[in-house]
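Tertiary structure, described
Listed here are the chains, written in short residue letters.
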Amino acid sequence: MNNFNFFNPTRIVFGEGQIKEIDQLVPKDARVLILFGGQSAKKHGTVDEVTAALGSRYYEEFGGIEANPSYTTLMRAVAQIKDNKLDYLLAVGGGSVIDGTKFIAAAVNCDGDPWQEILVNSAKDINTALPFGSVLTLPATGSEMNANSVVTRYETKEKLAFKSPLVYPEFSILDPTKAYTLPPRQLANGIVDAYTHIMEQYLTYPVDAKVQDRFAEGLLLTLIETGPELLEKPTDYTLQSNFMWTATLALNGLIGAGVPQDWATHMIGHELTALHGLDHAQTLAIILPSIMQEQRVHKHDKLLQYAERVWNITDGDDDSRINMAITETRDFFEQMGVKTRLSDYHIPADAIPTMIKQLGEHGLNQLGEHGDVDLDKSRKVLEASL
């Protein structure tokens, strides 16, 4: 196991009816901005529950944060905060709303250009951020318990990420009943997203981190067992509970502590979303099986471990077991209703050079756990995804 420094300050309040705990978690004198996406959070009463829990605290609302949060939209929220001297944020939604809230929290007191300082420069000079909490309504990204954020600038077709310890949520409320009304596409996307988060921290090379490996494998098995049934029974509290907690644990830093990681799938996927508008999880379902195939030599030992422990594949030679594990992964995503080929989304081969160009312009020319997934290998990954 490698050396590591694990820190996670987010309080998790889990279970049905826990939104009422906001009254104990938000400062009494806070001037609050409630942030959400579309109208579902209001339509289904979640925003009303939040405002009721705030009691006599002053609050305002800001809706319309997109599925891939837009820099322009988020900057309007920044202006509202500054104009009205608000000092506490409440994100009500899924990963996109929470990601957007993190950017807003960091941007309010940013002295320079927020896009440059936070996204391009990875927030290295950001020293302060507004405090915030979240109410999770769409399990997927783990943003409710980590310091990561991704923001899209649609005008320039860029999708960039940043990470800062200043933007951990102070608390996150996880009420599984809030996911009951999600459409099948969003549930399926959430499962694929969480699955890929786990894989990018697990499927590298062995460092004898037995705890992290078994934890990751258990989470993967939970998604495999829960996912298809959840699509059939979205209002099953036990299924939603296990899915919601798995998605949080998939990216709260715990399974990634002390192990090598490979985020090439996400980085390449971001360019697909920015250029072609695909759902985030759709890009992951396209790229991950191809990464597994193209990097099979480097990932050989962990691929065999994954095949045996997750898919119970023990017969055949090494190559055949690895092939079967990759096929099982692709088939699981397809079973969830998420297609796994560029051609499924009508993206042709001649679109690949532009994606490679974008990766280079964003400095993403050395990906993978060994830093050897250069632009040529990224091109091969995309070609294998056709």
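Residues numbered from 1 in each chain as written. Predicted model: local features only at pLDDT ≥ 70, side-chain atom pairs only at ≥ 80, totals over all residues. Heavy atoms only, no water.

Let us now look at the UniProt feature "domain: Alcohol dehydrogenase iron-type/glycerol dehydrogenase GldA" (unreviewed entry) in the protein chain. Under the UniProt annotation, the feature "domain: Alcohol dehydrogenase iron-type/glycerol dehydrogenase GldA" (unreviewed entry) is placed at residues 9-176. Spanning residues 9-176, this segment combines 30% helix with 27% strand, and its end C-alpha atoms are found 22 Å apart. (UniProt positions renumbered as here; feature names shortened; annotations may be inferred. Helix = DSSP H or I, 4+ residues; strand = E, 2+ residues; numbered from the N terminus.)

The next point concerns the packing of aromatic side chains. Enumeration according to the criterion identifies eight aromatic pairs in this entry. With a centroid separation of 5.7 Å and an interplanar angle of 70 degrees, the aromatic rings of Tyr-71 and Phe-103 are classed as edge-to-face. With Tyr-71 in helix H4 (residues 71-84) and Phe-103 in helix H5 (residues 95-107), the pair connects residues that are 32 residues apart, well separated along the chain. Owing to a relative accessible area of 7%, Tyr-71 belongs among the buried residues under this scheme. (Phe/Tyr/Trp six-rings, centres within 6.5 Å; stacked < 30°, edge-to-face > 60°. Buried < 20%, exposed > 50% of the residue type's maximum accessible area, 1.4 Å probe, protein only.)

In this section: the UniProt feature "domain: Fe-containing alcohol dehydrogenase-like C-terminal" (unreviewed entry) in the protein chain. Summarizing the sequence annotation, UniProt attributes the feature "domain: Fe-containing alcohol dehydrogenase-like C-terminal" (unreviewed entry) to residues 188-357 in the numbering used throughout. The distance from the first to the last C-alpha atom of residues 188-357 is 30 Å, and the span holds 68% helix and 0% strand.

Right, let's talk about the domain arrangement of the protein chain for a bit. Here the domain parsing of the protein chain yields domain 1 (11-179) and domain 2 (184-385). Put simply, the middle of domain 1 and the middle of domain 2, counted by C-alpha atoms, are 26 Å apart. Contacts between domain 1 and domain 2 engage 25 residues on the former and 23 residues on the latter. Counting the surface domain 1 buries against domain 2, the share from its top three residues, Pro-139, Lys-157 and Lys-159, is 26%. Here domain 1 and domain 2 share zero salt bridges between them. Put simply, domain 1 and domain 2 have six residue pairs in polar contact (both at pLDDT 80 or more) between them. (Domains from an automatic or database assignment. Contact = heavy atoms within 4.5 Å. Buried area = accessible area lost by both parts, 1.4 Å probe. Salt bridge = Lys/Arg side-chain N within 4 Å of Asp/Glu carboxyl O. Polar contact = N/O pair within 3.5 Å; in protein donor to acceptor, adjacent residues only side chain to side chain.)

This part is about the pattern of salt bridges. Under the criterion given, the structure shown has 20 salt bridges. Among the ionic pairs, Lys-178 bridges to Glu-49, the shortest N-O distance being 2.4 Å. Linking Lys-178 in the loop between strand S8 (171-174) and helix H7 (184-202) with Glu-49 in helix H3 (residues 46-54), this pair joins segments that are 129 residues apart in sequence. Here Lys-380 makes a salt bridge to Asp-376, at a shortest N to O gap of 3.7 Å. You can see Lys-380 and its partner Asp-376 sitting in helix H15 (residues 375-384), four residues apart, about one turn around the helix. Given a relative accessible area of 34%, Asp-376 falls into the partly exposed group. The network of salt bridges with shared partners includes Asp-376, Arg-379, Lys-380 and Glu-383.

Across the sheet, which stays open at both edges, the six strands sit in the order S1-S8-S5-S4-S2-S3 with parallel pairing between neighbours. Of all strands in the sheet, those bounded by a partner on one side alone are strand S1 (11-14) and strand S3 (58-62). Across the sheet, the mean angle separating the axes of adjacent strands is 20 degrees when strand polarity is ignored. By the bridge criterion, five bridges tie strand S2 (residues 31-36) to S3 in an arrangement that is parallel. Opposite Leu-33, over in S3, you have Glu-60 as the bridge partner. (Pairing = 2+ DSSP bridges. Axes fitted to C-alpha atoms, helices over the stretch in contact; angles between N-to-C directions.)

Glancing now at the pairing of S8. The side-chain alternation of S8 yields two buried faces, one formed by Phe-171 and Ile-173 and the other by Ser-172 and Leu-174. For S1 and S8, the ladder comprises four bridges, and the chain directions are parallel. Within the sheet, the bridge partner assigned to Val-13 lies in S8 and is Ile-173.

Moving on: a nonpolar patch on the surface. A cluster of nonpolar residues, Met-1, Phe-4, Phe-6 and Leu-254, forms a patch on the protein surface that exposes about 380 Å² of accessible area. Along the chain, the position of Phe-6 falls in the segment before S1. (Patch = residues over 30% accessible without salt bridge, like charges linked within 9 Å, V, L, I, M, F, W, Y side chains within 5 Å. Areas by Shrake-Rupley, 256 points an atom, 1.4 Å probe, with all protein chains shown as cover.)

Let us now look at helix H14 (residues 352-361). Within H14, the full set of buried residues consists of Ile-352, Met-355, Ile-356, Gln-358 and Leu-359. An end-on view of H14 places all buried positions within 160 degrees of arc, on one side of the element. H14 presents Pro-353 and Lys-357 as exposed residues on the side facing more than 90 degrees away from its buried surface. Where H14 is buried, its residues contact helix H10 (264-276) and H15. Downstream of H14 by one or two residues, Gly-363 has phi in the positive range, about 75 degrees. (Arc of directions from axis to C-beta.)

Turning to the nonpolar core, a few remarks are in order. Ranked by size, the top nonpolar core spans 66 residues in total, and within it Tyr-195, Met-199 and Tyr-306 carry the most contacts. Formed jointly, this core draws a minimum of three residues from each of two domains, domain 1 (11-179) and domain 2 (184-385). Those residues in contact with Tyr-306, other than ones at most four positions away along the chain, are Tyr-195, Met-199, Tyr-202, Leu-203, Leu-220, Met-292, Trp-311, Ala-325 and Thr-329. Counting 38 residues, the second largest nonpolar core, distinct from the first, contains Leu-33, Ala-106, Ala-107 and Ile-118. (Core = buried A, V, L, I, M, F, W, Y, C linked by side-chain atoms within 4.5 Å.)

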